Amino acid sequence: MTTTAVTPRIFSGIQPSGAPHLGNDLGAIRNYVRLQAEYEAIYCIVDYHALTSTHDAATLRTRTREMAATLLSLGLDPERCTLFVQSHRPECTELAWLLTTVTPVSWLERTPTYKEKKQNQPDDINHGLLTYPVLQAADIILYKATMVPVGRDQAAHLELSREIVRAFNNRYGDTFPEPQAVYTEAPVVLGTDGVRKMSKSLGNAIEVLADPETVRKQVMGMVTDTTRALRKDPGHPDTCNVCQLQRFFGDDHEGLWEGERTAQTGCVDMKKLLAARITDHYAAARERYLELMATPDRVDEILAAGAERLKPLATATMAEVRERMGLR
Ligand code: TYM
């Protein structure tokens, strides 16, 4: 790997915050898998970021390995991409500190995710929450990545990363490229409530690798078309979250939607079908996940190799940054 990539370099990060859900997969992980075939791709399990909300050491350790096994089972191939744990390549923390010196506090205070977190965890508004996007910028630009597959909830963080890059380059000369977000066809997956984005912490998630019964319960609990009072009323697939999700599981959604519009099918039929399709779709990944979790050393080896592979790149960027900033 050279400091400046010949083909665009991809970087993305995911928090080890428990069971992955449809939002993670449809909004981001599908793109991680797709892009690894075309570009030099680096994927990171961001355990430093997770420390802003997860404070139990054993939980964090377990979830980090689980997230690695999840990503591998969903299709990340260690021969085609680099998968690593953020804290195994700690240069990002030094870079994050250096970037804080070009980042006005006001930019961080206005970040929507910071405002959200302040509301969600009012007894734990730690400093890490405020500087969270600076560390995210450091993650990306340490590897001079230019394309960042994420869901739309990360748009503000990506915008801030670009602003930080511009601020750094203005002060110290052209050093970093500006990263761009890359979205899937489902940049915002709504949760089972049909209103808010799907999120583990909001309790509205459908877990992709859960057992079939759990998936069935989560899907059957979904809010559907609220304007459809009776089974014989016509449905509105454009606004029904269950119908929207059918787009990603099978190629017959147009026909299914027609059935809804003409009231040939009902919401319960649609939910049963969706639950069955989700379970089928992820059955092989679930098997692979269980196999990987039964051979944790293999997972740890992949993560260690990933961090090692990135060392020359991280070291080269940090040498350049220190030089530009006048650190001797
Ligand atoms: P995280 O761990 O919250 O989410 C991981 C990825 O899943 C996407 N996502 C969604 N997409 C669509 N609909 C949803 N309901 C949904 N929920 C989650 C997220 O957009 C994300 O792409 N701050 C990041 C982690 C991070 C990072 C980075 C990302 C740290 N450093 C550098 C990119 C580059 C986060 O908390 O993602």
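What you see is a predicted model; the values in this text were computed from it and never measured. (Residues numbered from 1 in each chain as written. Predicted model: local features only at pLDDT ≥ 70, side-chain atom pairs only at ≥ 80, totals over all residues. Heavy atoms only, no water.)

## Re the site of the ligand
Lining the immediate surroundings of the ligand are 27 residues, of which Q15, Y132, D139, G151 and D153 lie closest. For the ligand, an oxygen atom lies 2.8 Å from a polar atom in the backbone of Q15. Contact distances for the ligand include 2.4 Å between an oxygen atom and a side-chain N or O atom of D153. Within the complex, 95% of the 710 Å² of free accessible area of the ligand lies under protein. Sorting the residues of the shell around the ligand by element identifies β1 (9-14), α1 (22-36) and α7 (127-142) as the ones contributing at least two each. Here the shell around the ligand is composed, by residue class, of 13 nonpolar, 11 polar and three charged. (Near = heavy atom within 4 Å. Polar contact = N/O pair within 3.5 Å; in protein donor to acceptor, adjacent residues only side chain to side chain. Areas by Shrake-Rupley, 256 points an atom, 1.4 Å probe, with all protein chains shown as cover. Helix = DSSP H or I, 4+ residues; strand = E, 2+ residues; numbered from the N terminus. Nonpolar A, V, L, I, M, F, W, Y, C, P; charged D, E, K, R; others polar.)

## Here we look at the packing of aromatic side chains
Evaluated as defined, the whole model comprises seven aromatic pairs. Relative to F84, the ring of F11 has its centre 6.5 Å away and its plane inclined at 70 degrees; by these criteria the two rings are edge-to-face. On the criterion of sequence distance, the pair formed by F11 in strand β1 and F84 in strand β3 (residues 81-85) is long-range, its members being 73 residues apart. By the burial criterion, F11 is buried, and F84 matches it. Here F11 and Y143 contribute two aromatic rings whose centre-to-centre distance is 5.8 Å and whose plane-to-plane angle is 10 degrees, an arrangement assigned as stacked. Placement of F11 in strand β1 and of Y143 in the loop between α7 and β4 (147-149) is noted, with a sequence separation of 132 residues between them. No difference in accessibility class separates F11 from Y143, as the two residues are buried. (Phe/Tyr/Trp six-rings, centres within 6.5 Å; stacked < 30°, edge-to-face > 60°. Buried < 20%, exposed > 50% of the residue type's maximum accessible area, 1.4 Å probe, protein only.)

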